[in-house]
Amino acid sequence: MRRLLLMRPANFALSVFALALGAFALTFIDAARLRAANAASVAATAALVERLELTDLVLFTEARYTRHPTQADLQSAFQDHPVAFEHFPTGSLMPPPAGILTAYENLDRKAKAPD
Amino acid sequence: MKIWIEKQKHLIDFTLASLARRKGKNLGLLFIYGLLVFVLASVALYTHALRTEAQKVLAGTPEIVLQRLVAGRHDLIPPGYIEKIGRIRGVQKKEGRLWGYYYDSVVKANYTFMAPRNMQVARGEIIVGPALERSRGLAAGNGISFRSYSGELHTFIVADVLPQTSELVSADLVLMHEEDFRAFFKYPEGHVTDVALSVANPQEIKNVALKLMDALPDSRPILRDEVLRTYASVFDWREGIMLALLSAAILAFGIFAWEKAAGLSAEEKREIGILKAIGWETGDVIKMKFWEGLLISLLAFLLGYIAAYLHVFHFGSILFEPVLKGWAVLYPSFTLTPHIDGLQVATLFFFTVFPYTAAVLVPIWRAATTDPDTVMRG
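For every chain, the first residue of the written sequence is number 1, and numbering continues from 1 along that sequence. Chain letters start at A and ligand numbers start at 1, both assigned in the order the entries are written. Reporting of local features is limited, given that this is a predicted model, to residues whose pLDDT is at least 70; pairs of side-chain atoms are given and counted only at 80 or more, and all residues count toward the totals for whole chains, interfaces and linings. The side-chain figures draw on all heavy atoms in the structure; neither hydrogens nor water molecules are used.

Right, let's get into the side chain of B:Arg182. All names here are of chain B. Helix and strand assignments come from DSSP, with helices taken as H or I runs of at least 4 residues and strands as E runs of at least 2, each series counted from the N terminus. Considering the arrangement of structural elements, one finds arginine 182 in helix 5 (residues 178–185). Burial classes: relative accessible area under 20% of the type maximum marks a residue as buried, over 50% as exposed, and values in between as partly exposed (1.4 Å probe, protein chains only). Residue arginine 182 is classed as buried on the basis of its relative accessible area, which comes to 10%. Within 3.5 Å is the distance limit for a polar contact, defined as a pair of N or O atoms, with the added protein rule that one can donate a hydrogen and the other accept it, and that residues adjacent in sequence qualify only through two side-chain atoms. Looking at arginine 182, its side chain comes within polar contact range of the main-chain oxygen of histidine 191, at 2.9 Å. Contacts: residue pairs with any heavy atoms within 4.5 Å of one another. Discounting chain neighbours no more than four positions away, the residues touching arginine 182 are Leu98, Tyr187, Pro188, Glu189, Gly190, His191 and Val192.

So this is what it looks like as structure tokens:
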């Protein structure tokens, strides 16, 4: 501690930077280590998804269109009546699934009209 | 080289002494600067890791899920419906899925009930997700009763709990035998919730979906690609929302940092005047101030980023949890696998370190090129 206090300010500052840079580099090493350590469980989860034919992540369980956003009705945000307000706070965090909308419309227009 | 290093060290010595004279102000700046980097880096690391994880675990989701719509709403698929389309080239498997939602009034949570085709569950038994294990205090061998929508009480024995590591996709699942599922929800015989189709060739998926829509106009095919894109856009959106909320803070910090860096105090001006009067060259004064900007901004970036990394990947993003939980009672407690986007980190570095370092230099250059006497009187 005494040696640290007697250190030249520039050397002290450069040592702090070296430490911080070392810790910064360590985050990448740690990330690689955790990726390798979690690889098996990620693969097992992917296998479970395939086995159970799951389609969504369990992020929000409060409403069916937030639990399964990819499977929700296209107009689910207005499920009660056409100008109904959004009930759940998640609605502000969860966008209407743009990918689904576009693809759905595309397919809809490309498909033949029923007789 | 040695002389150059020694010179820089002397400049750093002087810069640190100068910073120490305004200790409170500079430490405050370092703290706020670091905090801002911490929040921005936390958002970036969290969303990128979640986005990558979603893409990895959902890679095996069915190629096509076929829903039937009635009056714009998802409806059950009656027996014989899928047979109407006959055999479609490229489709390897067509399997009905049985799943639905159950509201548990005991803990006020929603569960996803499912009768899996590829997992054996004995009659009267269930396999539950890890969040259910936590919220209802269940373990293998325990019994649990659910009141069905028809009012009857159904009792099940917990045969197993799904692994905690799969919680991101299985937290609220209750897996049961098909007959139990049908009895519990009074599901009409032969009806299924939707149909999962397996298509071998990825190039064919869109064509198969078009054929399905031609043959079954009331159907809605959901492609795997759409599922993956939805999750990519969900996290882009969430990152955008967080950044929009933070924009006021970023702007406030920008004004504060600009004010601090670009506007010289009388004391700083006097300091520059004295340095010039005792023989410092303009270049030396600028170098000293460059070190000042770099020391503060680089240290703030490094400390903020390291704290963000620890927060997201070692402390379970505890600060974001209340925002992400919403109204949900069951919330998955998952550990994210770190996936760091180098470009994202480089962008954060560029936008936090460079503007401040540059902003410090402009007024100094102006003051340092003026006559010392004028600056000191200034």
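The subject of this paragraph is the interface of chain A and chain B. By convention, interface size is frequently given as the accessible area that disappears when the constituent parts associate. Each side of the interface is counted separately: chain A has 70 residues, and chain B has 91 residues. Approximately 7300 Å² of surface area, both sides summed, lies buried where chain A meets chain B, with 66% of it carried by carbon and sulfur atoms. Salt bridge, as used here: a side-chain nitrogen of Lys or Arg that lies within 4 Å of a carboxyl oxygen of Asp or Glu. The residue B:Asp172 makes a salt bridge to A:Arg67 at a minimum N-O spacing of 2.7 Å. On inspection of chain A and its partner chain B, the count reaches 24 residue pairs in polar contact (both at pLDDT 80 or more). Ranked by the residues each element gives to the side of chain A that touches chain B, the list is headed by helix 2 (residues 9–52) of chain A, at 28 residues. Here the residues of the side of chain A that touches chain B are counted per class, giving 39 nonpolar, 16 polar and 15 charged. Simply put, the buried area is the total loss of 1.4 Å probe accessible area from both parts when two parts are fitted together. Residue polarity follows a fixed list, in which Ala, Val, Leu, Ile, Met, Phe, Trp, Tyr, Cys and Pro are nonpolar, Asp, Glu, Lys and Arg are charged, and the others, Gly among them, are polar.

All names here are of chain B. With respect to the helices, strands and loops of the structure, tryptophan 280 is situated in the loop between helix 8 (266–277) and helix 9 (282–313). It is 9.7 Å that separates the C-alpha atoms of tryptophan 280 and alanine 368, two residues lying 88 residues apart in sequence. Not counting residues within four places of it along the chain, the set of residues in contact with tryptophan 280 comprises Leu11, Phe14, Leu275, Val285 and Met288.

What follows deals with the nonpolar core. One finds A:Leu57 and B:Leu175 to be the most contacted residues of the largest nonpolar core, which totals 81 residues. Looking at this core, the elements that each hand over two or more residues are helix 2 of chain A together with helix 1 (2–21), helix 2 (23–57), helix 4 (167–170), strand 8 (173–176), helix 7 (224–262), helix 9 and helix 11 (342–368) of chain B. Counting residues in each nonpolar core, the second largest holds 43 residues, with B:Leu66, B:Ile77, B:Tyr111 and B:Met176 among its members. To define a nonpolar core, start from buried Ala, Val, Leu, Ile, Met, Phe, Trp, Tyr and Cys residues and group those joined through side-chain atoms within 4.5 Å.

Attention now goes to the packing of aromatic side chains. Residue and element names in this part refer to chain B. Ring pairs are drawn from Phe, Tyr and Trp, using the six-membered ring of Trp, whenever the two centres fall within 6.5 Å, and their geometry is named by plane angle: stacked under 30 degrees, edge-to-face over 60, tilted for the rest. Taken as a whole, this structure holds 29 aromatic pairs over all chains when the rule is applied. A centroid spacing of 6.0 Å and a plane angle of 70 degrees characterise the contact between tyrosine 111 and phenylalanine 146, whose relative ring orientation is edge-to-face. Within this pair, whereas tyrosine 111 is found in strand 4 (residues 109–115), its partner phenylalanine 146 is found in strand 6 (residues 143–147), the two being separated by 35 residues in sequence. No difference in accessibility class separates tyrosine 111 from phenylalanine 146, as the two residues are buried. Geometrically, the ring pair formed by phenylalanine 181 and tyrosine 187 is edge-to-face, given 5.2 Å between the ring centres and 70 degrees between the ring planes. Judged by relative accessible area, which is 13%, tyrosine 187 ranks as buried. Within the aromatic cluster, the residues linked to one another by ring pairs are Tyr102, Tyr111, Phe113, Phe146, Tyr149, Phe156, Phe181, Phe184, Phe185 and Tyr187.

Glancing now at the confidence of the model for chain A. Per-residue confidence from the predictor is given as pLDDT, running between 0 and 100. For chain A, per-residue confidence averages 76 on the pLDDT scale, and 59% of positions sit at 70 or higher. Across chain A, the secondary-structure element scoring lowest on mean pLDDT is helix 4 (residues 98–110) of chain A, at 54, and the one scoring highest is helix 2 of chain A, at 93.

Right, let's talk about a nonpolar patch on the surface for a bit. Residue and element names in this part refer to chain B. On the surface, Phe31, Ile32, Leu35 and Phe256 cluster together into a nonpolar patch covering about 380 Å² of accessible area. Per-element accounting of the nonpolar patch gives the leading share, three residues, to helix 2. Looking at the element boundaries, phenylalanine 256 is found in helix 7. Relative accessible area serves as the criterion here: at 35%, phenylalanine 256 is assigned to the partly exposed category. Residues enter patches when their relative accessible area tops 30% and they take part in no salt bridge; the joining distance is 9 Å for like charges and 5 Å for the nonpolar side chains Val, Leu, Ile, Met, Phe, Trp and Tyr. All accessible-area figures derive from a Shrake-Rupley calculation using a 1.4 Å probe, and residue coverage is judged against the displayed protein chains alone.

Residues and elements named next belong to chain B. Within the structure shown, the criterion is met by 19 salt bridges over all chains. Measuring nitrogen to oxygen at the nearest pair gives 2.6 Å for the salt bridge that ties arginine 134 to glutamate 167. With arginine 134 in helix 3 (residues 130–136) and glutamate 167 in helix 4, the pair connects residues that are 33 residues apart, well separated along the chain. Of the residues examined, glutamate 167 reaches a relative accessible area of 0% and is grouped as buried. Arginine 182 is paired through a salt bridge with glutamate 178; the nearest N and O atoms lie 3.1 Å apart. Residue arginine 182 and its partner glutamate 178 are located together in helix 5, separated by four residues, close to a single helical turn. Given the relative accessible area of 31%, glutamate 178 is considered partly exposed.

Locating B:Arg22 in the fold gives a position in the loop between helix 1 and helix 2. Residues contacting B:Arg22, with those up to four places away along its chain left out, are B:Glu267, B:Glu268, B:Glu271 and B:Lys289.

The next subject is the environment of B:Gly90. All names here are of chain B. Here glycine 90 shows up in the loop between strand 2 (73–75) and strand 3 (91–104). On a C-alpha basis, the gap between glycine 90 and glutamine 203 in space is 9.9 Å, while along the polypeptide they are 113 residues apart. The contacts of glycine 90, once residues within four sequence positions are left out, are Ser198, Val199 and Ala200.

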